[in-house]
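# Report on the structure
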Amino acid sequence: MSTLSYHEKIAVLDLGDDENRFTPDFLDAVNAHLDTALAEEAHGLVTTASGKFYSNGLDLDWLVANGDRTQWYIGRVQALFARVLTLPIPTAAALPGHAFGAGAMLALAHDYRVMRADRGFFCLPEVDIRIPFTPGMAALIQSKLAPKAAVASMTTGRRFGGIDAAALDIVDATAGEAAVATAAIAMLAPLGSKDPATLGAIKNTMFGPVVAKLTESSS
């Protein structure tokens, strides 16, 4: 179960202690927490988790059982990516463990990423599980990764540990097991004075084409 707490004025959203797959209920809960953080005028947002997974991404079991709702479901997932990408406050993903597939994409939608140095993988396994990226997902990944990192992550299914991910700038920093969230909070602490309206406008301009691709299929 996801929970929202605060470190001073920075909202810390814990996605949960299981695989944190994107069930419809999970998406509802995360969006509700984002609503709360913005309503309470948080100065920043850190997302993290309390188990061995940051997130294992799409709920493939739900998709198999609800094939007639695939377009609706993917639209909701991509709408969350677009929302995080353009939140009017600074954001950081603190990865204490595995971030796979859509879970890795959620991390990429943040402004910054911190990954545990000694355990856990960042992985986009779509090429190996025969699920092509949607145009919106590809646009998101390529907006955040340099071409070399995008090719390495999107076309190989490679599992990157923290040190390797930092070397390709997939993540901005690494930290020890107990320090990942603390490091992410420290990244955002100096940025709390930014005007939300201005920051939101800048992000919407920066990522306008990405947002258009992420949301076109959910309309």
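Here the structure is shown first, and the text comes after it.
A brief report on the enclosed structure follows. (Residues numbered from 1 in each chain as written. Predicted model: local features only at pLDDT ≥ 70, side-chain atom pairs only at ≥ 80, totals over all residues. Heavy atoms only, no water.)

### As for the sheet that holds strand E4 (residues 53–55)
Test applied: Strand pairing follows a simple DSSP-based rule, namely that at least 2 bridges must link the two strands. Counting from the N terminus, the helices are the DSSP runs of H or I reaching at least four residues and the strands are the DSSP runs of E reaching at least two.
Pairing is mixed in the open sheet, where four strands are placed in the order E4-E6-E8-E9. Two strands in the sheet have a free side with no partner beyond their single neighbour: E4 and strand E9 (159–160). Of the strand pairs in this sheet, strand E6 (residues 98–100) and strand E8 (residues 122–123) are connected by two bridges, and their pairing is parallel. Within the sheet, the bridge partner assigned to Ala 99 lies in E8 and is Phe 122.

### Thoughts on empty space enclosed by the protein
Spelled out, the test is: Cavities and pockets are defined on a 1 Å grid built over the protein atoms alone: a cavity is a set of grid points where a 1.4 Å probe fits but cannot escape, while a pocket is an open set with protein on both sides within 12 Å along at least five of seven lines, and lining residues are those with an atom within 4 Å of any such point. Grid points are joined across faces, edges and corners, and a volume is the space filled by probe spheres set on the points. When residues are sorted by character, Ala, Val, Leu, Ile, Met, Phe, Trp, Tyr, Cys and Pro go into the nonpolar class, Asp, Glu, Lys and Arg into the charged class, and all the rest, Gly among them, into the polar class.
On inspection of all chains with the given rule, the structure shows one cavity of 30 Å³ or more. Residue lining of the largest cavity: Leu 15, Val 30, Leu 34, Leu 45, Thr 47, Tyr 54, Val 84, Leu 106 and His 110, and that is the complete set. Breaking the lining of the largest cavity down by element, the ones donating at least two residues are helix H1 (24–39) and strand E3 (44–48). Across the lining of the largest cavity, the residue classes break down as seven nonpolar, two polar and no charged.

### A word on the layout of surface pockets
The computed volume of the largest pocket comes to approximately 180 Å³. If you trace the largest pocket, you find 13 residues lining it, with Asn 56, Leu 60, Gly 101, Pro 125 and Ile 129 closest to the centre. Taken together, the residues of the lining of the largest pocket sort by class into eight nonpolar, three polar and two charged.

### Quick notes on the environment of Val 114
How we decide: A 1.4 Å probe rolled over the protein chains alone gives each residue an accessible area, and that area as a share of the maximum for its type sets the label: buried under 20%, exposed over 50%, partly exposed in between. We call two residues in contact whenever any of their non-hydrogen atoms come within 4.5 Å of each other.
Structurally, the position occupied by Val 114 is in strand E7 (residues 112–116). A relative accessible area of 0% means that Val 114 is categorised as buried. Separated by 51 residues in sequence, Val 114 and Ala 165 have C-alpha atoms that sit 9.9 Å apart. With sequence-adjacent residues up to four places away left out, Val 114 is seen in contact with Ala 93, Ala 94, Leu 95, Ala 173, Thr 174, Ala 175, Val 180, Ala 183, Ala 184 and Met 187.

### Quick word on the sheet that holds strand E2 (residues 10–14)
Note on sheets: strands pair through backbone hydrogen bonds, and any given pair is parallel or antiparallel. Put simply, the rule is: Note on geometry: axes are lines fitted to C-alpha atoms, helical ones only across the stretch in contact, with angles between N-to-C directions running from 0 to 180 degrees.
The strand order across the open sheet built from six strands is E1-E2-E3-E5-E7-E10, with neighbouring strands paired in mixed fashion. The open sheet has two edge strands with one neighbour each: strand E1 (3–7) and strand E10 (173–175). Each neighbouring strand pair of the sheet contributes to a mean axis angle of 25°, computed without reference to strand direction. Looking at chain direction, E2 and E3 are connected through five bridges and run parallel. Counted as the bridge partner of Val 12 is Val 46 from E3.

### Considerations on the pattern of salt bridges
Our working rule: Here, a salt bridge means any side-chain nitrogen of Lys or Arg that lies within 4 Å of a carboxyl oxygen of Asp or Glu.
The full count for this structure, using the stated rule, is seven salt bridges. One salt bridge connects Arg 21 with Glu 19, and the closest N-O pair in it is separated by 2.8 Å. The salt bridge partner of Asp 28 is Arg 76, with a shortest N-O separation of 2.8 Å. Here the residue Asp 28 occupies a position in helix H1, and Arg 76 occupies one in helix H3 (residues 70–85), the gap between them amounting to 48 residues.

### Here's the deal with the pairing of E7
Taking burial as the measure, the five residues of E7 include four buried ones, the bulk of the element. Pairing analysis gives four bridges linking strand E5 (residues 91–95) to E7, with the strands arranged parallel. Considered in E7, the bridge of Leu 95 is made with Met 115. Here E7 pairs with E10 via three bridges, running parallel. Following the sheet pairing, Met 115 is matched in E10 by Thr 174.

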